[in-house]
Amino acid sequence: MKDLQNKAIEVLNNNWKDGFSVPCANLYPFQWFWDSGFIAIGFAHFDMPKAEKEIETLLDSQWNNGFLPHIIFHTDTDTYFPGPDFHRSDLSSQSSKKHKSTGMTQPPVTGFVLQDMYRISTDKKATLKFIESVIDKVYFNHEYFYNNRDPKNEGLAYIYHNWESGTDNSPIWDDIWQTMNPPKYTFERRDTTHVDASQRPSNREYDHYLYIIDIAKEHHYKDAKIAELSPFLVQDPLFNSMLIKSNQSLIDLYQLIGGHDDKISQLQNWQGKAIKSFNDKLFDKELGVYVHYDLRNEKPLRYISSSSFSPLFANIPNKEQAVSLVNVMMEKFGNDNQYLCASFDPTSERFNPKKYWRGPVWVNLNWILYYGLKNYGYLDIAKRVKADTIEIIEKAGFYEYFDSRKEVYKNGTAGYGGNDFSWSAALLIDLLQ
Ligand code: DGY
């Protein structure tokens, strides 16, 4: 295990670019929002100054309205598409003048990442001082979500693009693509020069992705216009679980710091409303799990994915709901031939064990599920998620995503996407402690 841990440290140090980390070399050459959060958790175990710098650099890209972008383009490389010239964050009057970025966000992990840094720290006083220096920016980011991404005042933030979900090409979005007919774009894919095309989204899927961005750009990334016009408008259980977990972390951290009663009571208000709506609206009693809600077409998207179980991490389900989540997870995702936890329902015909978010196991989701299961007292299953995560990395390497079928590991490659992937290394370090 020491060897594996040393290799993980080497991966993180190699992906460090003087102030921030790339998710992996070549395929993702900039800073990504939720990647940075998970990476900071890894660094916190052996190099706290880098963990702090990672978060500082991320928060330095904050827009005037509190928004945090999903990619911050620190360099001019043209090895990634779509880059800064496509996204054009300068079109927004709110965007940062310092950093070029995208005009979409990613799951808001920063609140709970700060709390994890505090958990890991061996110098709690110094880490709390650091947290005190950045926490208001994270609060401002949450304020942005509740003021701009919740048009019906339900306590649930919407996402307007599949890239905001983090689960980029999930089969769940297929239902939304069926409601759209975007023009065919002419563009040069760069991802498929680094990774086999069978492991990445299709060109037609990219047409949809680009078209939604073009609508947002046409309206200078104004949230009200996006809420009115974007063909993709979804309340996502993973995204909202991250926000709710981070709300709780901000409450706990502000309490540790002392004072800030107004912010704590605002966070508690958001939290009360969010958890109630989440359970009323996103829990599908028939399926026994949480599902996504399509706000544009006003209907639930009734599919089971690893996101369906992520509310365990944020203390959202009651006991009965937690039992149901675990039963479904073990029945559909957890038989002896499979590693936990596939990103999409392995019993569905839309399941694809090699293609990005259409089935493979992802280390960050496993990490979320590990702590969520532990949180509800499912210690044996939590242990299995942890053991499975360590085993797939040991057998295949620090890949971006992994096959869930055990048989594949005997005869060939079972790790897919980018190699030496930062969050696979970072979260392994945390799991090994
Ligand atoms: C990609 O390029 O696939 C990224 O995941 C977008 O965030």
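Heads up: the structure comes first, above all this text.
These numbers were taken from a predicted model, which means no experiment stands behind them.

Thresholds applied
- Residues numbered from 1 in each chain as written.
- Predicted model: local features only at pLDDT ≥ 70, side-chain atom pairs only at ≥ 80, totals over all residues.
- Heavy atoms only, no water.
- Helix = DSSP H or I, 4+ residues; strand = E, 2+ residues; numbered from the N terminus.
- Buried < 20%, exposed > 50% of the residue type's maximum accessible area, 1.4 Å probe, protein only.
- Contact = heavy atoms within 4.5 Å.
- Pairing = 2+ DSSP bridges.
- Near = heavy atom within 4 Å.
- Polar contact = N/O pair within 3.5 Å; in protein donor to acceptor, adjacent residues only side chain to side chain.
- Areas by Shrake-Rupley, 256 points an atom, 1.4 Å probe, with all protein chains shown as cover.
- Axes fitted to C-alpha atoms, helices over the stretch in contact; angles between N-to-C directions.
- Parallel < 35°, antiparallel > 145°, perpendicular 65-115°, else oblique.
- Left-handed = near helix turned anticlockwise from the far one by under 90°.

Account for the overall build of the protein chain, naming residues and giving values.
When helices and strands are counted, the protein chain shows 17 helices and eleven strands. Its C-alpha atoms give the protein chain principal-axis dimensions of roughly 55 × 55 × 45 Å. Counting across all 433 residues of the protein chain, residues that qualify as buried make up 64%. A separation of at least 24 residues holds for 72% of the contacts in the protein chain among residues at least 6 apart in sequence.

Which residues make up the sheet that holds strand 4 (residues 158–159), and what values go with them?
Spatial ordering of the open sheet is given by 4-5-8-9, a layout of four strands whose pairing is antiparallel. Single-partner strands in this sheet number two, and they are strand 4 and strand 9 (299–301).

Quick rundown of the site of the ligand? Include the residues and the values.
Looking at the ligand, the residues that line it are Tyr28, Trp32, His70, Tyr80, Trp163, Asp168, Arg200 and Tyr356. For the ligand, an oxygen atom lies 2.6 Å from a polar atom in the side chain of tyrosine 80. Between an oxygen atom of the ligand and a side-chain N or O atom of arginine 200, the distance comes to 2.8 Å. When the ligand sits alone it has 230 Å² of accessible area, and the protein chains cover 95% of it.

Mind laying out the side chain of histidine 87, listing which residues take part and the relevant values?
Residue position: histidine 87 is located in helix 4 (residues 84–87). Histidine 87 sits in the buried class, given a relative accessible area of 1%. With sequence-adjacent residues up to four places away left out, histidine 87 is seen in contact with Phe73, Pro82, Ser101, Thr102, Met104, Trp163, Ile213, Lys217 and Tyr221.

Kindly report on the packing of helix 6 (residues 124–148) against helix 13 (residues 261–282), identifying the contributing residues and their values.
The relative placement of two packed helices comes down to the angle between their axes together with the axis-to-axis distance. Contact pair helix 6 / helix 13: the axes reach a minimum separation of 12 Å and the direction vectors enclose 40°. Relative to helix 13, the element helix 6 lies oblique. Crossing geometry of helix 6 relative to helix 13 is assigned as left-handed. Facing helix 6, whose interface residues are Asp136, Tyr139, His142, Glu143 and Tyr146, helix 13 presents Lys263, Gln266, Leu267, Trp270 and Ala274.

Note that every value here comes from positions in space, so none of it alone points to a role or purpose.
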